[in-house]
Amino acid sequence: MKITVHKFGGASVADGSAILHAVSLVDPGAAAVVVSALFGVTDILLAAARKAGDGDDTAARTTAAELGERYRAAARTVVPAGPIRAGLIAQIDEAAQEFVTLCQGLLVLRELTPRTLDYLLARGEVLSARVMAAGLAAKGRQTLFVSPLELIHTDGRFGGASPDLARTDAAIRKVLRPLLRQGVVPVVPGFLGVAPDGRVATLGRGGSDLTATLLARALQAQAVYLWKDVEGLLTADPRVVPDARVIPQLNIREAAELAYYGAKVLHPRALTPVIGKKVPIFVRPFRNPGSRGTEISGRKTLTRYPVKALSAVGGQTLLTVTGNGMLGVPGVAARTFAALHKESISVSLISQASSEHSICFSVPEGEATRARGSLLLAFREEIARHEIDDVEVRGGLATLAVVGLGMAGTPGIAARVFSALSAEGINIVAIAQGSSELNISLVIEAKGVARAQRCIHDAFQLSKIGGGAVPATAETDVILLGFGLIGRTLARLLPSSRKKGTALRLVAVIDRGGFVFRQKGVSPQLLKQLLAAKDAGTSLAEATDGIRATPEQALAQLSRYALSRPILVDVTANDTLPLLLSVLPAGMDLVLANKRPLSGKRRDADQLKEAATRAGRRLRFEATVGAGLPILDTYRKLEESGDKVLKIEGCLSGTLGFLFTELERGILFSAAVREARARGYTEPDPRDDLGGADVVRKALILGRLLGFTGERDGIQVESLVAASARSLSLEAFLARLEQFDEEWVKRLEKARQKDQVMRYLATVTRGKIEVGLLALDRTSPFAALKGTDNQVAFTTQRYRKNPLIITGPGAGPEVTAAGILNDICELAGP
């Protein structure tokens, strides 16, 4: 028989419509199918199980309800009404209830073991396989759900089991071959196997690829098709190297090296079962099945390209064991790696000088402390005798792998690599190359890894490999982090906005409780439903096809997708710095309306800007200072033209501008604050405006552009309400606003008698920032401001006597959303 194996990952079975598309891709002949859990389900189950282990008695029920609804929705799309659908939904309900029961046991035990976790996580793949099997049956195919516990025998290491190849081969042949001869399509849940004691053991994240190649090996399949949300294996990460190309064919050894060194398209162990077997693997794009993708096989092609691809792993730390006492002493290396093995720490690169004076190796940053501790313990006697000096640790590194079979025997490859890096001023910290010359691995500083990949890609002209470029799309995908008033206003603007050559496509919206994701874009109908639900105070987790998750979980899941030029827009008012840092390596550009990441500690603001530069991503934040006014854009253009900005001063709060306009009209302070809040002019807590915190944040952002090195706590700020107001709850503060009315009537009358007006002004220079309430003569340019208008004056070398002044609306959801949209449009497109 000519057998094919098809594997569909989470992105390929995201919902019912995706499963129907997957059904259409299964060969009409003898075929076996492997499926993953629906998109995001494994993460949701994992989070709920951990919460149950910590004593949370609500997470399991909430997750089970969400799990059931997502799979029932998929079943209703895939299977017509009738007995088959009814039976399938009954299985879904049973699995969801069993999950709750198991988590209740965790509440009692307060312990989540790897064995129990594997058993809980299995539900995602099992239910996907049952829906897939029902979908094939609904299209007239003979099909059967087959439990992976009958097929995939493992060593029982829960959470990352390794297959027993001999027993697995025998079981697959015994169970699946008779079915295939009868024309039955077996559907097998991926990621799962059976431990020696008969329990479920998972194969590690991404293990469905491994399930597929295990089936192909045992069945001597003609081909394995791994359906992905990418075009194939690429010469480099296109989010880092824009001219990366699809590689039409890779030798299996090359592909294995790339998978090991960070190419996330393949599970690192997925190729092991078919090494030495004549079973080609085809990585194909699920959304574009006509594309050729990448063939992985034993063939050797593209001989003109000794280097085929680059891959990088960030977050690495280099440990070095050094000492003169190591010279000629046998067993030092063995003891070194035995100490790491004892702690289950994997080493990605090893380098040792011929003098044997030192051994260095890289490990993930999160394991560096444990690794060093284990080594200090293992060599404590040698360290005491000064035979070994120390275990040195150097963090902030990345490992870059340059891969290609043609490197063997081709002179000058290493020289070209080193010359390319040298020309970019990138220093190499460590080097490793095996005698097979299949891979040159370099450890460099993480901040230079994006530039390193681009320059090596250019040096070997990998953009000319004939597999085709990553398809140019006409869309720029937008992700909204925050779906409050400004976020919803922006969402309404996006569908009608278009930059020449590209369309803006809203693909995901995230709030505190969950998110909604559509890889092809949120439809107008769905957007209308989401806007209505949020206007009514409903969380996105409760919306149509909403997924319950924290913002961290949502962005981690979205980062796994091959989105088109993704832009993350932060319209929250939270401390989102860790979130923003986490998405930069995933290739997302950033647009901020949220001032907090750039107006906190200076080191944090610098860290974000440096991380964006290091990842080759762009950062825009016009709306953080002037809503829709081009304040930062003006600053950039002045500097780019060779001018030097000496001072920026202005009324930076449209909220306070509106407040003083109302006070001058005779409106009481309490009424003016409530009206500003009702119109959406204030921060979520208006005390951020009234206390000057919002203006200080804006002033700090401007000051740091000028080179201000101080911190926020060194800036004198005058509050419009008593400091004691901060100790009240928001509700209590709003209820007591009238207590400020009399004082403000007196202050306004005093200024009026002197023919002055009250304005809240920020003055920013390189050395100093001042923020406070001033009484200005009516001749001042700031005196004429009305309503929510902001006014900013730039004093520069050219505009020293007559500052350059920008005036316009500085508050309100519409103008703020318009400012954000301008930043998005600037980043959109090629």
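Everything discussed here concerns the structure shown above.
Model, not experiment: these values are computed from the prediction.

K.L.:
Mind showing me how you'd approach the overall build of the protein chain here?
P.N.:
A count of helical and extended segments in the protein chain gives 28 helices and 29 strands. Taking the principal axes of its C-alpha atoms as reference, the protein chain extends roughly 100 × 75 × 55 Å. Expressed as a percentage of the 830 residues in the protein chain, the buried residues total 55%. Taking the contacts inside the protein chain whose residues are at least 6 apart along the sequence as the reference set, 75% of them involve residues at least 24 apart. Working note: accessible area of the protein chain is about 34,600 Å², and carbon and sulfur atoms make up 51% of it. Looking at charge distribution, the protein chain has the averaged site of its 103 positive side-chain charges lying 5 Å from that of its 84 negative ones.

K.L.:
Would you take a moment to explain the nonpolar core for this structure?
P.N.:
A general tendency of soluble globular proteins is for nonpolar side chains to be buried together. The biggest cluster of nonpolar side chains holds 81 residues, and the ones touching the most others in it are Ile479 and Phe669. Setting aside chain neighbours within four positions, we find isoleucine 479 in contact with Val507, Ala508, Ile510, Leu555, Leu558, Leu563, Ile567, Leu568, Val569 and Met588. One finds Val13, Val23, Val78 and Phe191 within the second-largest nonpolar core, a separate group that totals 58 residues.

K.L.:
Please explain the sheet that holds strand S8 (residues 249-251) as it appears in this structure.
P.N.:
Adjacent strands of a sheet form backbone hydrogen bonds with each other and so pair up, either parallel or antiparallel. Strands sit in the order S3-S4-S2-S1-S7-S9-S10-S8 across an open sheet of eight strands; the sheet is mixed. The outermost strands of the open sheet, each flanked by one partner alone, are strand S3 (143-145) and S8. Taking each pair of neighbouring strands and ignoring which way they run, the sheet shows an average axis angle of 20 degrees. Of the strand pairs in this sheet, S3 and strand S4 (residues 185-189) are connected by three bridges, and their pairing is parallel. Within the sheet, the bridge partner assigned to phenylalanine 145 lies in S4 and is valine 187. With respect to the sheet, helix H6 (residues 165-181) is in contact with strand S2 (31-35), S3 and S4, its orientation differing from that of S4 by roughly 145 degrees. Contacting S8 and strand S10 (294-297), helix H8 (residues 252-260) crosses the sheet at an angle of about 90 degrees to S8.

K.L.:
Help me out: how do you make sense of helix H13 (residues 449-459) in this one?
P.N.:
Quick reminder: α-helices carry 3.6 residues per turn. Residues three or four places apart thus point the same way. Those residues of H13 that sit buried are Val449, Ala450, Ala452, Gln453, Cys455, Ile456 and His457. Structurally, H13 contributes buried residues whose contacts are with strand S11 (309-322), strand S14 (390-403), helix H12 (413-423), strand S16 (439-445) and helix H19 (602-614). Positive phi shows up at glutamine 461, right after H13, with a value of about 50 degrees.

K.L.:
I would appreciate a short explanation of helix H1 (residues 16-25) in the present structure.
P.N.:
The complete set of buried residues in H1 reads Gly16, Ala18, Ile19, Ala22, Val23 and Leu25. Axial view of H1: buried residues confined to an arc of 165 degrees, hence all on one face. Contacts made by the buried residues of H1 are with strand S1 (4-8), helix H3 (59-78), helix H5 (114-138) and strand S7 (223-228).

K.L.:
Would you explain the environment of glycine 323 in this entry?
P.N.:
Within the element layout of this structure, glycine 323 appears in the loop between S11 and helix H9 (332-342). Along the primary structure glycine 323 and valine 391 are separated by 68 residues, whereas in three dimensions their C-alpha atoms are 9.4 Å apart. Aside from chain neighbours lying at most four places away, what touches glycine 323 is His357, Glu387, Ile388 and Asp389.

K.L.:
How should the sheet that holds S14 be read in this particular structure?
P.N.:
Pairing is antiparallel across the open sheet formed by six strands, whose spatial order is S12-S13-S11-S14-S16-S15. A strand with exactly one partner marks an edge of an open sheet, and here the two such strands are strand S12 (349-352) and strand S15 (428-433). Along the sheet, successive strands turn relative to each other by an average axial angle of 30 degrees, direction set aside. Note: S12 against strand S13 (residues 358-364), four bridges, orientation antiparallel. Paired with leucine 349 across the strands is serine 362, a residue of S13. H12 rests against S14, S15 and S16 of the sheet, and its axis sits at about 20 degrees to S16.

K.L.:
Looking at this structure, I do not really get the packing of aromatic side chains. What am I missing?
P.N.:
Aromatic ring pairs are reported here in terms of the distance separating the ring centres and the angle at which the planes meet. If you walk through the whole model with that rule in mind, you get eleven aromatic pairs. Ring centres 5.4 Å apart and planes at 45 degrees place the aromatic pair phenylalanine 39 and phenylalanine 517 in the tilted group. Placement of phenylalanine 39 in the loop between S2 and helix H2 (41-53) and of phenylalanine 517 in strand S20 (residues 514-517) is noted, with a sequence separation of 478 residues between them. Taking the relative accessible area as the measure of exposure, phenylalanine 39 reaches 7% and is therefore buried. Between phenylalanine 337 and phenylalanine 361 the ring centres are 5.5 Å apart and the planes differ by 65 degrees, which places this aromatic pair in the edge-to-face class. Taken as a pair, phenylalanine 337 in helix H9 and phenylalanine 361 in strand S13 lie far apart in primary sequence, 24 residues in all. Assessed through its relative accessible area of 24%, phenylalanine 337 is described here as partly exposed. Taken together, the ring pairs connect Phe8, Tyr225, Trp227, Phe282 and Phe286 into an aromatic cluster. Positioned over the ring face of phenylalanine 145 is arginine 130, at 3.9 Å from the centre of the ring. Positioned over the ring face of tryptophan 744 is arginine 747, at 4.5 Å from the centre of the ring.

K.L.:
Help me understand the pattern of salt bridges in this model?
P.N.:
As a working rule, side chains carrying opposite charge can pair if their charged atoms are close by. Using the criterion set out here, one finds 51 salt bridges in the structure. Aspartate 511 is paired through a salt bridge with lysine 534; the nearest N and O atoms lie 3.0 Å apart. Of the two residues, aspartate 511 is situated in the loop between strand S19 (502-510) and S20 and lysine 534 in helix H15 (residues 524-535); the sequence distance between them amounts to 23 residues. Residue classification places aspartate 511 among the buried positions, given a relative accessible area of 9%. Linking arginine 665 and glutamate 662 is a salt bridge whose minimum nitrogen-to-oxygen distance equals 2.8 Å. A single network of salt bridges, built from pairs that share partners, joins Arg596, Asp685, Arg687, Asp688 and Arg726.

K.L.:
Which parts of the structure should I look at to understand the packing of helix H14 (residues 485-493) against helix H28 (residues 813-827)?
P.N.:
Angle between the axes and distance between the axes: these two values describe a pair of packed helices. Between H14 and H28, the least distance of the axes is 9 Å, while the angle of their chain directions is 60 degrees. Put simply, H14 runs oblique to H28. Crossing hand, H14 versus H28: right-handed. Contacts between H14 and H28 pair Leu485, Ile486, Thr489, Leu490 and Leu493 from the former with Pro813, Glu814, Thr816, Ala817, Ala818, Ile820, Leu821 and Ile824 from the latter. Considered class by class, the residues forming the contact of H14 with H28 number ten nonpolar, two polar and one charged.

K.L.:
Please clarify how the pairing of strand S9 (residues 281-285) should be interpreted in this entry.
P.N.:
In the case of a regular strand, side chains alternate between the two sheet surfaces. Counting buried positions along S9 gives five out of five residues, so the element sits mostly inside the fold. Burial along S9 is two-sided: Ile281, Val283 and Pro285 and Phe282 and Arg284, pointing in opposite directions, are all buried. Two strands pair when backbone bridges link them, and S7 and S9 are joined in this way by five bridges, in the parallel orientation. Following the sheet pairing, leucine 226 is matched in S9 by valine 283. Note: S9 against S10, three bridges, orientation antiparallel. Among the inter-strand pairings, phenylalanine 282 is bridged to a residue of S10, identified as glutamate 295.

K.L.:
Sorry, what's going on with the packing of helix H22 (residues 654-664) against helix H27 (residues 741-753) here?
P.N.:
Where H22 meets H27, the closest approach of the two axes is 11 Å, and the angle between their N-to-C directions is 80 degrees. One element, H22, and the other, H27, form an angle in the roughly perpendicular class. Together, Phe660, Leu663 and Glu664 of H22 and Trp744, Leu748 and Arg752 of H27 make up the contact between the two elements.

K.L.:
Help me out: how do you make sense of unusual backbone geometry in this one?
P.N.:
We note that leucine 302 has phi near 50 degrees; this positive angle belongs to a residue other than glycine. Following the sequence through the fold, leucine 302 ends up in the loop between S10 and S11. A residue is classified by how much of its surface remains accessible, and leucine 302, at 22% relative accessible area, is partly exposed. Even without a glycine there, the phi angle at aspartate 755 is positive, about 55 degrees. As for its placement among the helices and strands, aspartate 755 is situated in the loop between H27 and strand S26 (756-765). Under the relative-accessibility criterion, aspartate 755 is labelled partly exposed at 45%.

About the cut-offs
- Residues numbered from 1 in each chain as written.
- Predicted model: local features only at pLDDT ≥ 70, side-chain atom pairs only at ≥ 80, totals over all residues.
- Heavy atoms only, no water.
- Helix = DSSP H or I, 4+ residues; strand = E, 2+ residues; numbered from the N terminus.
- Buried < 20%, exposed > 50% of the residue type's maximum accessible area, 1.4 Å probe, protein only.
- Contact = heavy atoms within 4.5 Å.
- Areas by Shrake-Rupley, 256 points an atom, 1.4 Å probe, with all protein chains shown as cover.
- Lys, Arg positive; Asp, Glu negative; His and termini not counted.
- Charge placed at Lys NZ, Arg CZ, Asp CG, Glu CD.
- Core = buried A, V, L, I, M, F, W, Y, C linked by side-chain atoms within 4.5 Å.
- Pairing = 2+ DSSP bridges.
- Axes fitted to C-alpha atoms, helices over the stretch in contact; angles between N-to-C directions.
- Arc of directions from axis to C-beta.
- Phe/Tyr/Trp six-rings, centres within 6.5 Å; stacked < 30°, edge-to-face > 60°.
- Lys NZ or Arg CZ within 6 Å of the ring centre and 35° of its normal.
- Salt bridge = Lys/Arg side-chain N within 4 Å of Asp/Glu carboxyl O.
- Parallel < 35°, antiparallel > 145°, perpendicular 65-115°, else oblique.
- Left-handed = near helix turned anticlockwise from the far one by under 90°.
- Nonpolar A, V, L, I, M, F, W, Y, C, P; charged D, E, K, R; others polar.

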